[in-house]
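So the chains spell out like this:
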Amino acid sequence: GTLTKPWRMTSLNELLDRIVHKNPLGADAMARGIENDEFFLHLQPKVALPGGRITGFEALVRWEHPQLGLQSPVNFIPLAEQTGVIEPLTRWVLGRAADTLADWKREGVETRIAVNVSARNLMSLTVADEFAQIVKARGLECSSFILELTETAAVTNLVDALDILVRLRLKDFALSIDDFGTGYSSLAQLQRLPFSELKIDRSFVSVSATSTEAANTIRATVELARRLQLDLVAEGVETETVERTLIDLGVPHAQGYRYGRPEPAEVWGPRLRQRVE
Ligand code: C2E
Ligand code: CA
Ligand code: CA
Ligand code: CA
């Protein structure tokens, strides 16, 4: 066997191994969690302005950890990305979102669900086929799904990512740039990407009523979206004051606690059915 000296220092590899494999929030725990149904989705509505009519939902993943309790995605998505567990996790999220849309379709409710996709998901050439298969298996169209990617995810390693984005687009998935304004994408890069939606980051939205700078950034983004014929969503709208500012600035869609918190599909289903009945 291996000689273990008590005074030996922990090697970097060992440390990584501990973080990735023995960590209760690590890769192995996540992989087991997917198998054991420990993850679940909350859906948050996206609405039209003015008026607040629901136009779709965003799927936000949560983890009910057997020992540590409810975990926010900010606590586990980064390690899922580093370790590659994000690949099965994203497939699981898309599958659950598709299950929900299939249920709702049977009840006469037609809507769209947005799923968050990481840069790591764009490193696999087969991802477009995999995603399409997940959707088709539930008898749905890819056009019922929006894939939300951060600017950084879309423009890092641009050549390969662009190829994969085009493949996803050819399947008819809608593509959205998440947290817009926080990255460094240039207008030239944006024009080359096959996106149909921009989501203005909450950091601009929440101060839009009080900061001229933020309001100006949003005004410029409204103009940009118009020119590139992109849908525009303001995220993190909490107050009526912010809503009014956004309407004045010409922002056509919004998302935030003002219109609905992220909640399970079971909460939204009856409310949507009421609308179609
Ligand atoms: P995001 O994609 O920017 O999602 C918006 C976050 O803001 C969500 O946090 C949402 O609950 C929160 N939020 C929505 N409206 C409001 C509001 O009015 N005020 C405030 N203060 N917050 C609001 P959540 O669910 O904790 O998710 C955090 C991040 O984790 C997401 O940011 C996204 O980047 C990531 N994430 C969540 N689910 C997934 C997933 O399935 N896959 C991947 N790759 N990332 C995910
Ligand atoms: Ca998002
Ligand atoms: Ca966002
Ligand atoms: Ca954000």
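Residues numbered from 1 in each chain as written. Chains lettered and ligands numbered in written order. Predicted model: local features only at pLDDT ≥ 70, side-chain atom pairs only at ≥ 80, totals over all residues. Heavy atoms only, no water.

Taking an unreviewed UniProt entry as the reference, the protein is identified by name as EAL domain-containing response regulator belonging to Ancylobacter pratisalsi.

Around the calcium ion (ligand 4), the protein supplies Asp179 (OD), Asp201 (OD) and Glu235 (OE) as donor atoms, at distances of 2.4 to 2.9 Å. All donors of the calcium ion (ligand 4) belong to a single chain; written as a sequence motif, their spacing is D-x21-D-x33-E. The distance between the calcium ion (ligand 4) and the calcium ion (ligand 3) comes to 3.3 Å, and Asp179 binds to both of them. In this pair, Asp179 is assigned in strand S6 (residues 174-180) and Asp201 in the loop between strand S7 (197-200) and helix H9 (202-205), connecting sequence segments 22 residues apart. (Donors = N, O, S within 2.8 Å, 3.2 Å for Na, K, Ca; no water. Helix = DSSP H or I, 4+ residues; strand = E, 2+ residues; numbered from the N terminus.)

What follows covers a nonpolar patch on the surface. Taken together, Leu12, Leu15, Leu16 and Ile19 make up a surface patch of nonpolar side chains, about 370 Å² in accessible area. For Ile19, the location among the structural elements is in helix H1 (residues 12-22). Using a relative accessible area of 39% as the deciding quantity, one classes Ile19 as partly exposed. (Patch = residues over 30% accessible without salt bridge, like charges linked within 9 Å, V, L, I, M, F, W, Y side chains within 5 Å. Areas by Shrake-Rupley, 256 points an atom, 1.4 Å probe, with all protein chains shown as cover. Salt bridge = Lys/Arg side-chain N within 4 Å of Asp/Glu carboxyl O. Buried < 20%, exposed > 50% of the residue type's maximum accessible area, 1.4 Å probe, protein only.)

The description of an aromatic ring pair rests on the distance of the ring centres and on the angle between the ring planes. Taken as a whole and judged by the stated rule, the model has seven aromatic pairs. Between Phe39 and Phe76, the ring centres sit 5.6 Å apart and the planes meet at 70°, which makes this aromatic pair edge-to-face. Of this pair, Phe39 sits in strand S1 (residues 39-48) while Phe76 sits in helix H3 (residues 73-83); the two residues are 37 residues apart in sequence, bridging distant segments of the chain. Judged by its relative accessible area of 4%, Phe39 falls in the buried class. The class of Phe76 is buried, set by a relative accessible area of 0%. With a centroid separation of 6.3 Å and an interplanar angle of 55°, the aromatic rings of Phe39 and Trp92 are classed as tilted. (Phe/Tyr/Trp six-rings, centres within 6.5 Å; stacked < 30°, edge-to-face > 60°.)

Another aspect to go through is the pairing of strand S2 (residues 54-65). The buried count for S2 comes to 10 of 12 residues, which makes it a mostly enclosed element. Hairpin connection, S1 to S2: the antiparallel pair is bridged by five residues, and Gly51 has positive phi, about 115°. Where S2 lies against strand S3 (residues 69-71), three bridges are found, and the strand directions are antiparallel. Bridged to Glu64 within S3 is Leu70. Connecting S2 to the next strand, S3, in antiparallel fashion are three residues. (Pairing = 2+ DSSP bridges.)

For the rest of this paragraph, the subject is the nonpolar core. In terms of nonpolar packing, the biggest core is built from 84 residues, with Phe39, Trp104, Phe145, Leu168, Phe173 and Leu246 touching the most fellow members. Considering each element in turn, this core owes the most residues, 10 residues, to helix H4 (residues 86-106). With near-sequence residues (within four places) excluded, Trp104 lies in contact with Leu43, Phe57, Val109, Thr111, Ala265, Trp268, Gly269 and Leu272. (Core = buried A, V, L, I, M, F, W, Y, C linked by side-chain atoms within 4.5 Å. Contact = heavy atoms within 4.5 Å.)

The complete set of buried residues in helix H5 (residues 127-136) reads Val127, Ala128, Phe131, Ala132, Ile134 and Val135. Here the buried residues of H5 occupy an arc of 160° about the axis, which is enough to place them on one side. (Arc of directions from axis to C-beta.)

A word on the coordination of the calcium ion (ligand 3). Donor atoms from the polypeptide that bind the calcium ion (ligand 3) are Asp178 (OD), Asp179 (OD), Glu235 (OE) and Glu235 (OE), placed at 1.9 to 3.1 Å. When the donors of the calcium ion (ligand 3) are listed by position in the chain, the intervening gaps give D-D-x55-E. A spacing of 3.6 Å is found between the calcium ion (ligand 3) and the calcium ion (ligand 2), which share Asp178 as a donor. On the criterion of sequence distance, the pair formed by Asp179 in strand S6 and Glu235 in the loop between strand S8 (231-234) and helix H11 (240-249) is long-range, its members being 56 residues apart.

Now for the environment of Thr111. You can see Thr111 is positioned in the loop between H4 and strand S4 (113-116). With relative accessibility at 13%, the residue Thr111 sits in the buried group. Linking Thr111 and Thr55, residues 56 residues apart in sequence, is a C-alpha distance of 6.8 Å. Non-local contacts of Thr111, meaning those with residues more than four positions away in its chain, are made with Thr55, Gly56, Phe57, Leu101, Trp104 and Ser144.

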